[in-house]
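What follows is the residue order along each chain.
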Amino acid sequence: MSFSVTKRAFLPLAAAAMATVLAGCGSQIADPASAGSTASSGSSCVNTSGSSIKVGFINSLSGTMAISESTVFDSLTLAAEEINASGGVLGKQLEVISEDGASEPTKFAERAGKLIQQDCTAAVFGGWTSSSRKAMLPVFEANDALLFYPVQYEGLESSKNIFYTGATTNQQIIPALDYLAEQGTKSLFLVGSDYVFPRTANKIIHAYAAAKGIEVLGEEYAPLGSTEFSTIVNKVRDSKADAVFNTLNGDSNVAFFRQYKGVGLTADSMPVVSVSIAEEEVPGVGLDNVEGQLTAWDYYQTLDTPANKKFVAAFKAKFGAERVTSDPMEAAYTSLYLWKAMVEKAASFEVDKVQAAADGVTFEAPEGLVTVNGENNHITKTPRIGKINSAGLIDTVWSSPAAVEPDPYLSTYDWAESLAK
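Read on for a plain summary of the structure.

Each value, and the rule that gives it
Every chain is numbered on its own, with residues counted from 1 as its sequence reads. At least 70 in pLDDT is required for a residue's local features to be given in this predicted model, at least 80 for side-chain atom pairs to be given and counted, and no such filter applies to totals for whole chains, interfaces and linings, which use all residues. Only hydrogens and water are set aside; all other atoms, that is, all heavy atoms of the structure, feed into the side-chain values. Starting at the N terminus, helices and strands are each numbered in turn, a helix being any DSSP run of H or I of at least four residues and a strand any DSSP run of E of at least two. For each residue, the accessible area found with a 1.4 Å probe, counting protein chains only, is set against the maximum for its type, and the residue is called buried under 20%, exposed over 50%, and partly exposed in between. Only heavy atoms enter the contact rule, under which two residues are in contact if any of them lie within 4.5 Å. Each accessible area is a Shrake-Rupley estimate made with a 1.4 Å probe; only the visible protein chains count as cover when residues are assessed. Orientation is described by lines fitted to C-alpha atoms, with helices fitted over the stretch in contact, and by angles between N-to-C directions that extend from 0 to 180 degrees. The labels follow the angle: roughly parallel below 35 degrees, roughly antiparallel above 145, roughly perpendicular from 65 to 115, and oblique for the rest. Think of it as three bins: nonpolar holds Ala, Val, Leu, Ile, Met, Phe, Trp, Tyr, Cys and Pro, charged holds Asp, Glu, Lys and Arg, and polar takes everything else, Gly as well. Salt-bridge detection follows one rule: a side-chain nitrogen of Lys or Arg within 4 Å of a carboxyl oxygen of Asp or Glu. Should DSSP find at least two bridges between two strands, the strands are taken to pair. Only buried residues count toward a nonpolar core. Its members are Ala, Val, Leu, Ile, Met, Phe, Trp, Tyr and Cys residues joined through side-chain atoms within 4.5 Å. When two cysteine sulfur atoms are found within 2.5 Å, that pair is recorded as a disulfide. Between the rings of Phe, Tyr and Trp (Trp by its six-membered ring), a pair exists once the centres lie within 6.5 Å; its type follows the angle of the planes, with under 30 degrees stacked, over 60 edge-to-face, and the other angles tilted. When the NZ atom of lysine or the CZ atom of arginine is within 6 Å of a ring's centre and also within 35 degrees of its normal, the charge is said to sit over that ring.

Points about the overall build of the protein
Logical step 1: The number of helices and strands found in the protein is 13 helices and 16 strands.
Logical step 2: Counting every position in the protein, which comprises 421 residues, the buried fraction comes to 61%.
Logical step 3: At a minimum sequence separation of 6, the contacts of the protein that also span at least 24 residues come to 70%.
Logical step 4: A total accessible area of about 15000 Å² is found for the protein, and carbon and sulfur atoms account for 51% of it.

See the structure below:
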């Protein structure tokens, strides 16, 4: 593997993203008419003439999101090694080029441009926060390249250049709200990090709550990486809400849950449903602080399926018996296999042919059978509500009876009509 890790100051997202693509790497684009290059777009320099094909991994290996994203890098690495051991993709070995997004959206845009235009990768896998995805989106669209994004997100988006293998809103947030409503929840307090995903997710929660007769008693945000939550947890406690919906991301969860417990709040007195805490984050947050709390995902390490047992065993064998698996890790692992299946169905690495072949591609993933929806580039998922147990793992306490079709624009929900406008 080739690694390149650097840091850069934060810049305005849109300007930095496009400037990076159009100016930063433009002088190093290979001639698309050269031998061995694909020609699905004018800027493609993907070389298919040799025995290997380059793919890019882009994850935060430093910064506030490293607590979560480094684990995704590990699961992508496992998938690449497994694919190579089984003969590669169209007979070619995967050559991985890794970049550090450093928890900065503009760094993700810059590094994505490098992976596409200098490294000439056939596809890129990674990103975590919606800010990182939003920063990379114009890079991939401008270059007609492919990004496989593995993390649950706020929906209201689709792009022919992004395949979304994490849950969209109707596969995570809405099932979590449905579960709370079924448990008799009449009031909520919303806590989130101050960026795209939490703010958009909370707009959706407000619309849902208004339609279902649930009262939102408060809504508070903290900057990514924030470690001071005393004011927020006091507001939460004083609200006497039935439950908290938590869209904090990264290591802010550590401080929040410690201070949450510090003011006497527990899973019994005021349960928290989190959509960004998985098995990997539990030790960092502290098991004593989150035992019994709820999560909403589509995968847990404890799932009892043959595919999951194989995945967990392989991951532990490579990275250590003490390591755990999680939903974003599984979605990233699955994304590489879905790309392989698309390429092999298309019999080509060319972007337009892969896009055309994507619809209906399936993979028996650790979470269950997933299928690509070619209309919106999302996949079917099985929503699951979990509870953090005494071992630090997460047990499923509710699951949808079948995989749920992706509905990123919530077009099947009358109460959400105004959200996509």
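Past the structure itself, the notes keep going.
Notes on the packing of helix α2 (residues 66-85) against helix α11 (residues 306-319)
Logical step 1: Closest axis-to-axis distance for the α2/α11 pair is 11 Å, and the angle between their directions is 100°. The pairing of α2 with α11 is recorded here as roughly perpendicular in orientation. Taken together, the residues of α11 that come into contact with α2 (itself represented by D74, S75, T77, L78, E81 and E82) are F311, A314, F315, K318 and F319.
Logical step 2: Tallied by class, the residues present in the contact of α2 with α11 amount to five nonpolar, two polar and four charged.

What to know about the pattern of salt bridges
Logical step 1: A full pass over the atoms with the stated rule returns 17 salt bridges.
Logical step 2: Among the ionic pairs, E157 bridges to K134, the shortest N-O distance being 2.8 Å. Residue E157 is located in the loop between β5 (147-149) and β6 (162-164), and its partner K134 is located in helix α4 (residues 130-143); the two are separated by 23 residues in the primary sequence.
Logical step 3: Judged by its relative accessible area of 35%, K134 falls in the partly exposed class.
Logical step 4: Among the ionic pairs, D304 bridges to K309, the shortest N-O distance being 3.0 Å. Across the pair, K309 and D304 agree in class, each one exposed.

Quick notes on the pairing of strand β13 (residues 368-373)
Working note: regular strand, side chains alternate between the two faces of the sheet.
Logical step 1: Note: strand β12 (residues 362-365) against β13, four bridges, orientation antiparallel. Looking at β13, one finds that E364 is bridged to L369.
Logical step 2: Linking β12 to β13, which pair antiparallel, is a turn of two residues.
Logical step 3: Looking at chain direction, β13 and strand β14 (residues 378-379) are connected through two bridges and run antiparallel. The residue of β14 that forms the bridge with N373 is H378.
Logical step 4: Linkage of β13 to β14, two consecutive antiparallel strands, is achieved through a turn of four residues, within which N377 is found at a positive phi near 60°.

A look at helix α8 (residues 252-262)
An α-helical turn contains 3.6 residues, so any two residues separated by three or four positions project in the same direction.
Logical step 1: All of the buried residues along α8 are S252, N253, V254, A255, F256, F257 and Y260.
Logical step 2: As for α8, its buried residues are in contact with β7 (187-193), α7 (230-239), β9 (243-247), β10 (272-274), α9 (282-285) and α10 (287-290).

With respect to the nonpolar core
Logical step 1: Grouped together as the largest cluster of nonpolar side chains are 66 residues, with contacts concentrated most on F57, L94, F125, W339 and M342.
Logical step 2: For this core, the element with the most residues is helix α12 (residues 327-346), which contributes nine residues.
Logical step 3: The residues contacting F57, other than those within four sequence positions of it, are F73, L76, T77, A80, V96, I97, S98, E99, L115, F125 and L336.
Logical step 4: Listed in part, the 28 residues of the second largest apolar core include F197, A201, I205 and I385.

Some details on the sheet that holds strand β11 (residues 294-297)
Logical step 1: One open sheet accounts for seven strands, arranged β8-β7-β9-β10-β11-β15-β16; its pairing is mixed. Strand pairing shows two members of the sheet lacking a second neighbour, β8 (215-222) and β16 (394-399), which therefore form its edges. Ignoring which end each strand starts from, the neighbouring axes of this sheet average 25° apart.
Logical step 2: Across four bridges, the pairing between β11 and strand β15 (residues 384-388) is antiparallel. Residue pairing in the sheet places T295 in a bridge with G386 of β15.

Thoughts on the state of the cysteines
Logical step 1: Considering all chains together, one arrives at one disulfide under this definition.
Logical step 2: Each sulfur of the disulfide joining C45 and C120 lies 2.1 Å from the other. Of note, the bridge from C45 to C120 carries an S-S torsion of about -105° and is left-handed in sense. Of this pair, C45 sits in the loop between α1 (13-24) and β2 (52-59) while C120 sits in the loop between α3 (105-117) and β4 (124-126), placing them 75 residues apart in sequence.
Logical step 3: The buried category is assigned to C120, whose relative accessible area is 14%.

Section: the environment of D268
Logical step 1: For D268, the location among the structural elements is in the loop between α8 and β10.
Logical step 2: A relative accessible area of 77% places D268 in the exposed class.
Logical step 3: C-alpha of D268 to C-alpha of A243: the two residues are 25 residues apart in sequence and 9.8 Å apart in space.

Here's the deal with the packing of aromatic side chains
Logical step 1: All told, the structure shown has 20 aromatic pairs when counted by the stated rule.
Logical step 2: Judged by centre distance (6.3 Å) and plane angle (90°), the rings of Y149 and Y153 are edge-to-face. No difference in accessibility class separates Y149 from Y153, as the two residues are buried.
Logical step 3: Consider the rings of F311 and F315, whose centres lie 6.5 Å apart with planes at 50°: the pair is tilted. Remark: F315 and F311 occur in helix α11; sequence separation between them is four residues, near one turn of the helix.
Logical step 4: Note on F315: relative accessible area 0%, which makes it buried.
Logical step 5: Site record: aromatic cluster; members linked through ring pairs are F57, F73, F125, F148, F163, W339 and F349.
Logical step 6: Directly above the aromatic system of Y221 lies the positively charged group of R199, at a separation of 3.9 Å from the ring centroid.
Logical step 7: Here K318 stacks its cationic end above the ring of F319, 5.3 Å away from the centre of that ring.

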